[in-house]
Amino acid sequence: SITCPASHTSLVGLKPSVGLISRSGVVPLSASQDSPGPMTRTVADTALLLTVLAQPDPKEASFATHPGYFDYRQFLKEDGLKGKRIGIARNVSDFNAVSTAAFNQALTILKAQGAIIIDNLELPSQEALSQAEFDVLLYDFKHDLNQYLAQTSKDVPVKSLEQLIQFNEKNTDLTRFNQMLLTMANDKTDLTSPNYQQAQTLIASKARKNGIDALMQTHQLDAIAAPTNSPAWVIDTINGDHFAGASSSPSAIAGYPLITVPMSYHHELPLGISFFGASLSEGTLIEIAYGF
């Protein structure tokens, strides 16, 4: 995770387009979504770190379409908001009353800096996409983790998801959390499953082509904005997260970039604002975030 930990700690976090930064060596969750990226104190630091990290890797699936070396520091423009058309999809942004109030205040700053706000838009099919995403993550996790573990050294005794589950069952004193998601993933078949293929087709259509891409093209947007997070909750290792909403799912499901920057505080708890857009639009997002 980049977006949630960055926003909850008042940092800048940039989740790049999937494949822009190599995943080689990263313990996988899903090849469809895994995207390493920088978490820094400032947008300038993010641009510098992204410039270093976003190098083509012949071992990466996206190598053939990788844009190549790019110096993202060129997008650090003080007037980066001027003339930018920013859409507000209220079905994505209005997930928490505290966050929405702070976000609406932030919109006045965006306007004052020359941004053009196109409000009351909607990203369609979010409920169906959420289910499709969950299915894809389960299938991908089994496939990708098995591949990863199979290639580890002899020092690693666990070589598959099945063996990981067995290890946890034998060592309950070491594991605080249940294995529900591990077993759900392990029960899935392989990536040739019709269910998996249908979920990926739905994502390609509803999240990308007829989702973010269509909304941005129809309204000639440079980005879509939303509050990143609700106020953080107390850590609870017994009952789990007391999650009150976030806006990172649309870009994550599509595999598109998102940048979060500090927006305000609720008491002492940081709130972030996110800007997300089309594939490989990191430069534009950095301009907008730096302007803000």
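Shown above is the structure to which this text applies.
First, a word on what this report is: a plain description of the structure on this page. Source: prediction; values computed, not measured.

What about the overall build of the protein chain?
Alright, step 1. Summing up its helical and strand segments, the protein chain has 10 helices and 7 strands in all.
Alright, step 2. In terms of overall dimensions, the protein chain is globule-like: its C-alpha atoms have a radius of gyration of 20 Å, near the 19 Å expected for 292 residues.
Alright, step 3. Considering only C-alpha atoms, the protein chain reaches an extent of 60 × 45 × 35 Å along its principal axes.
Alright, step 4. Contacts in the protein chain between residues at least 24 apart in sequence constitute 71% of all its contacts with a sequence separation of at least 6.
Alright, step 5. Each charge class in the protein chain was averaged separately, 20 positive and 28 negative side chains, and the resulting centres sit 4 Å apart.

Side note on the pattern of salt bridges
Alright, step 1. Tallied over the full model, the rule gives 6 salt bridges.
Alright, step 2. Between R73 and D71 there is a salt bridge, with its nearest N and O atoms 2.9 Å apart.
Alright, step 3. The partly exposed category is assigned to R73, whose relative accessible area is 42%.
Alright, step 4. The closest approach of N and O atoms between K77 and E287, which form a salt bridge, is 3.0 Å. Taken together, the positions of K77 in the loop between α2 (43-53) and β3 (85-89) and E287 in helix α10 (residues 282-291) put the pair 210 residues apart, joining distant regions of the chain.
Alright, step 5. Judged by its relative accessible area of 10%, E287 is buried.
Alright, step 6. Beyond isolated ion pairs, a larger network of salt bridges with shared partners links K77, K84 and E287.

Here's the deal with the sheet that holds β3
Alright, step 1. Spatially, β2-β1-β6-β7-β5-β3-β4 is the arrangement adopted by the 7 strands of the open sheet, whose pairing is mixed. The strands lining the two open edges of the sheet, one partner per strand, are β2 (39-40) and β4 (116-121).
Alright, step 2. Pairing between strand β1 (residues 12-15) and strand β6 (residues 258-266): 3 bridges, direction antiparallel. The residue bridging K15 from the neighbouring strand is L258, located in β6.
Alright, step 3. Across the sheet, helix α4 (residues 97-112) lies against β3, β4, β5 (223-227), β6 and β7 (269-276), angled at about 55 degrees from β7, the strand it touches most.
Alright, step 4. Strands in contact with helix α8 (residues 194-218) are β4, β5 and β7; relative to β5, the strand with the most contacts, it is inclined by about 115 degrees.

Brief notes about the side chain of S230
Alright, step 1. Locating S230 in the fold gives a position in the loop between β5 and α9 (249-254).
Alright, step 2. With near-sequence residues (within four places) excluded, S230 lies in contact with H8, F95, N96, S99, A244, G245 and L271.

Notes on the packing of aromatic side chains
Each aromatic ring pair is characterised by the separation of its centres together with the angle its planes make.
Alright, step 1. Considering all chains together, one arrives at 5 aromatic pairs under this definition.
Alright, step 2. Aromatic side chains Y72 and F75 sit 6.3 Å apart centroid to centroid with 40 degrees between the ring planes, which places their arrangement in the tilted category.
Alright, step 3. One aromatic cluster in this structure is built from F70, Y72 and F75.

Reading the values: rules and limits
- Residues numbered from 1 in each chain as written.
- Predicted model: local features only at pLDDT ≥ 70, side-chain atom pairs only at ≥ 80, totals over all residues.
- Heavy atoms only, no water.
- Helix = DSSP H or I, 4+ residues; strand = E, 2+ residues; numbered from the N terminus.
- Rg over C-alpha atoms; globule rule 2.2 N^0.38 Å.
- Contact = heavy atoms within 4.5 Å.
- Lys, Arg positive; Asp, Glu negative; His and termini not counted.
- Charge placed at Lys NZ, Arg CZ, Asp CG, Glu CD.
- Salt bridge = Lys/Arg side-chain N within 4 Å of Asp/Glu carboxyl O.
- Buried < 20%, exposed > 50% of the residue type's maximum accessible area, 1.4 Å probe, protein only.
- Pairing = 2+ DSSP bridges.
- Axes fitted to C-alpha atoms, helices over the stretch in contact; angles between N-to-C directions.
- Phe/Tyr/Trp six-rings, centres within 6.5 Å; stacked < 30°, edge-to-face > 60°.

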